Amino acid sequence: MDARSARLPLRGAGWLLAAAVVAAALSAISGGLLRAGVALPGAWWTAAVVDHAALMVGCFMGTVIAVERAVALRRAFAWVAPVLSAMAGIALLAGARSAGAVLLLAAGIVFVAVNVVLFRRQSAPHTALLLSSAVAWLTGNALFAAGASPAAVVPWWFTFLVVTIAAERLEMTRLMRRRRGAAAFLCIVLAAQFAGAALVTVAPVDAGVLYGASLVLLAAWLFTFDIARRTVCAAGLPRYMAVCLLGGYAWLAVGGLAWAATALGAPCRDAALHAIGIGFVLSMMFGHAPVILPAVAGVKLRFRHAFYLPLVALLASLLVRLAVGGVDPAWRAWGSAGNALAIAWFALAAGQAAAAARRQ
């Protein structure tokens, strides 16, 4: 199988899968806006409000990551995971919550099997972390299917996203000389995160503090060892990616502090969830999109400095949402609307970059 046939086939079933992913993303964003107090027309957003996290993490981000892993494996069975998670989003939006939860659980099982095969193909620290992140997604999906509380499910879903990103950055640090023990320290930090997620129902305060502390330590590790410290001094796309990464690491530290503070009783839950989910994860997605889209879908993007504008809008609106919105709920709604507009702006910028690459 050549590189082109390994990509997401954007025809027939490929377009259906892409449409399901877009539907999950738009529904999750709409549900998040309604939760933040933004009024939207229509009455069919109930499922999007109730299952905002499942749609965003499981059915959107989970599907995107599963597609990336299927492209890397180049085996037909690997595509079962993203298809199941995309179908789960459709089921959740249709009101079939139990069916959606079961589909997410099945997607997690297949996804773990895919990562086992990848780890056997290349036994390395970053592939071991990718496998552990798949187990975290499966655990969160299993708890969701069992009807566990969001307090028990969400830490596992965030662990899936955070460890996936950490694994990819660990792979990139091979290009730099690392201090002895850096990889071992990273594993200890991520093990603490797993422990915090696992103990949240047994000792919620201690587990929350441990989970938050692990995120702060991970941010410190990334600031210290990631290659973005050097590429931020470059030009063009490498500098843009580095700015996205370093900004995301700062928000990861904020999210870890807010997570620990929430466990101790402070009213910081919105800051904890969205500093990580928006400030960290979406910054990573903005930064990696010009590289991932060509590799996965064959959609080439011509880098443009206009990419900085939606990034600035995203992080500025998030600051408004979490800082000012924590005092005035109206500003929380405005900040959330700004987050959504920044995402739409980035999608528009990516479309323009794809058109420019096609013309070139």
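First, a word on what this report is: a plain description of the structure on this page.

### Some words on the overall build of the protein
Thought 1: Secondary structure summary: the protein contains 15 helices and 0 strands in total.
Thought 2: Relative to a compact globule of 360 residues, whose C-alpha radius of gyration would be 21 Å, the protein shows 19 Å and is just as compact.
Thought 3: Along the first, second and third principal axes, the C-alpha atoms of the protein reach 55 × 55 × 40 Å.
Thought 4: As displayed, the protein offers around 15,900 Å² of accessible surface, 69% of which is attributable to carbon and sulfur atoms.
Thought 5: Taken as two groups, the 27 positive and 9 negative side-chain charges of the protein have centres that lie 11 Å from each other.

### Considering helix α5 (residues 80–93)
Thought 1: For α5, spanning 14 residues, the distance from its first C-alpha to its last is 20 Å, which sits close to the expected 20 Å at 1.5 Å a residue.
Thought 2: Every buried residue belonging to α5 is among Ala 81, Pro 82, Leu 84, Ser 85, Ala 86, Ala 88, Gly 89, Ala 91 and Leu 92, and all of these are buried.

### Examining helix α15 (residues 329–359)
Thought 1: For α15, spanning 31 residues, the distance from its first C-alpha to its last is 45 Å, which sits close to the expected 45 Å at 1.5 Å a residue.
Thought 2: The backbone nitrogen of Ala 330 has a side-chain oxygen 3.0 Å away, supplied by the residue at the start of α15, namely Asp 328.

### Remarks on the state of the cysteines
Thought 1: Applying the stated criterion to the full structure yields 0 disulfides.
Thought 2: No disulfide involves Cys 233; its nearest neighbouring cysteine sulfur is the one of Cys 244, lying 16 Å away.

### Quick notes on the environment of Ala 357
Thought 1: Here Ala 357 lies in helix α15.
Thought 2: Each C-alpha atom, one on Ala 357 and one on Leu 301, is 5.6 Å from the other, the two residues being 56 residues apart in sequence.
Thought 3: Beyond its immediate chain neighbours, meaning those up to four positions away, Ala 357 contacts Lys 300, Leu 301 and Arg 302.

### Observations concerning the nonpolar core
Thought 1: If you look at the biggest cluster of nonpolar residues, it comprises 115 residues, and the most contacted ones within it are Leu 218, Tyr 240 and Phe 280.
Thought 2: Those residues in contact with Leu 218, other than ones at most four positions away along the chain, are Val 162, Ala 166, Leu 186, Val 189, Leu 190 and Leu 252.

### Comments concerning the packing of helix α9 (residues 182–198) against helix α10 (residues 204–225)
Thought 1: At a minimum axis distance of 8 Å, the contact between α9 and α10 shows a crossing angle of 155°. Comparing their axes, α10 and α9 come out roughly antiparallel. Seen along the crossing, α9 lies across α10 with a hand that is left-handed. Contacts between α9 and α10 involve Ala 182, Phe 185, Leu 186, Val 189, Leu 190, Ala 192, Gln 193, Ala 195, Gly 196 and Ala 197 on the former and, on the latter, Ala 207, Leu 210, Tyr 211, Ser 214, Leu 215, Leu 217, Leu 218, Trp 221 and Phe 225.
Thought 2: Of the residues that constitute the contact of α9 with α10, the class distribution is 16 nonpolar, 3 polar and no charged.

### Some points on the packing of aromatic side chains
Thought 1: Within this structure, the stated rule accounts for 16 aromatic pairs.
Thought 2: For the ring pair Phe 303 and Phe 307, a centre distance of 6.0 Å and an interplane angle of 25° mean the geometry is stacked.
Thought 3: In this structure Phe 307 comes out as buried when scored by relative accessible area, which is 1%.
Thought 4: Cluster of aromatic residues (ring-pair linked, three or more members): Tyr 240, Phe 286, Phe 303, Phe 307, Tyr 308 and Phe 346.

### Some thoughts on the pattern of salt bridges
Thought 1: By the definition in use, this model includes 4 salt bridges.
Thought 2: A salt bridge links Arg 97 to Asp 51, with the shortest nitrogen-to-oxygen separation between them at 2.8 Å. A residue pair is termed long-range when its members are at least 10 positions apart, and Arg 97 in helix α6 (residues 97–121) and Asp 51 in the loop between α3 (46–50) and α4 (52–73) qualify at 46 residues.
Thought 3: Judged by relative accessible area, Arg 97 falls into the partly exposed class, the value being 41%.
Thought 4: A salt bridge links Asp 226 to Arg 169, with the nearest nitrogen and oxygen atoms 2.7 Å apart. Of this pair, Asp 226 sits in the loop between α10 and α11 (228–231) while Arg 169 sits in helix α8 (residues 150–172), and the two are 57 residues apart along the sequence.
Thought 5: In this structure, a network of salt bridges that share partners links the residues Asp 270, Arg 321 and Arg 332.

### Brief notes about the side chain of His 126
Thought 1: Following the sequence through the fold, His 126 ends up in helix α7 (residues 125–145).
Thought 2: Classification of His 126 as buried rests on a relative accessible area of 6%.
Thought 3: Look past the residues within four positions of His 126 in its chain and what remains in contact with it is Ala 167, Leu 170 and Glu 171.

### Brief notes about the layout of surface pockets
Thought 1: Here the largest pocket defines a volume of roughly 1,500 Å³.
Thought 2: Residue assignment for the lining of the largest pocket shows that the elements contributing at least two residues are α2 (13–35), α4, α8, α13 (269–297) and α15.
Thought 3: In the lining of the largest pocket, the residues fall into 37 nonpolar, 5 polar and 2 charged.

### Quick notes on the packing of α4 against α8
Thought 1: It is at 10 Å that the axes of α4 and α8 come closest, and there the two elements cross at 30°. As the angle between them shows, α4 and α8 are arranged roughly parallel. Relative to α8, α4 is oriented so that their crossing is left-handed. Taken together, the residues of α8 that come into contact with α4 (itself represented by Ala 53, Ala 54, Val 57, Met 61, Gly 62, Ile 65, Glu 68 and Arg 69) are Trp 157, Phe 160, Leu 161, Thr 164 and Glu 168.
Thought 2: The class makeup of the residues in the contact of α4 with α8 is 8 nonpolar, 2 polar and 3 charged.

### Focus on unusual backbone geometry
It is generally the case that most residues other than glycine have a negative phi and that most peptide bonds are trans.
Thought 1: Its identity as a non-glycine residue notwithstanding, Arg 74 has a phi of 60°, on the positive side.
Thought 2: Note that Arg 74 resides in the loop between α4 and α5.

Cut-offs applied
Residues numbered from 1 in each chain as written. Predicted model: local features only at pLDDT ≥ 70, side-chain atom pairs only at ≥ 80, totals over all residues. Heavy atoms only, no water. Helix = DSSP H or I, 4+ residues; strand = E, 2+ residues; numbered from the N terminus. Rg over C-alpha atoms; globule rule 2.2 N^0.38 Å. Areas by Shrake-Rupley, 256 points an atom, 1.4 Å probe, with all protein chains shown as cover. Lys, Arg positive; Asp, Glu negative; His and termini not counted. Charge placed at Lys NZ, Arg CZ, Asp CG, Glu CD. Expected span 1.5 Å × (residues − 1). Buried < 20%, exposed > 50% of the residue type's maximum accessible area, 1.4 Å probe, protein only. Polar contact = N/O pair within 3.5 Å; in protein donor to acceptor, adjacent residues only side chain to side chain. Disulfide = S-S within 2.5 Å. Contact = heavy atoms within 4.5 Å. Core = buried A, V, L, I, M, F, W, Y, C linked by side-chain atoms within 4.5 Å. Axes fitted to C-alpha atoms, helices over the stretch in contact; angles between N-to-C directions. Parallel < 35°, antiparallel > 145°, perpendicular 65-115°, else oblique. Left-handed = near helix turned anticlockwise from the far one by under 90°. Nonpolar A, V, L, I, M, F, W, Y, C, P; charged D, E, K, R; others polar. Phe/Tyr/Trp six-rings, centres within 6.5 Å; stacked < 30°, edge-to-face > 60°. Salt bridge = Lys/Arg side-chain N within 4 Å of Asp/Glu carboxyl O. 1 Å grid on protein atoms, 1.4 Å probe; cavity = no way out; pocket = protein on both sides within 12 Å on 5 of 7 lines; lining within 4 Å. Points joined across faces, edges and corners; volume = space filled by probe spheres on them.

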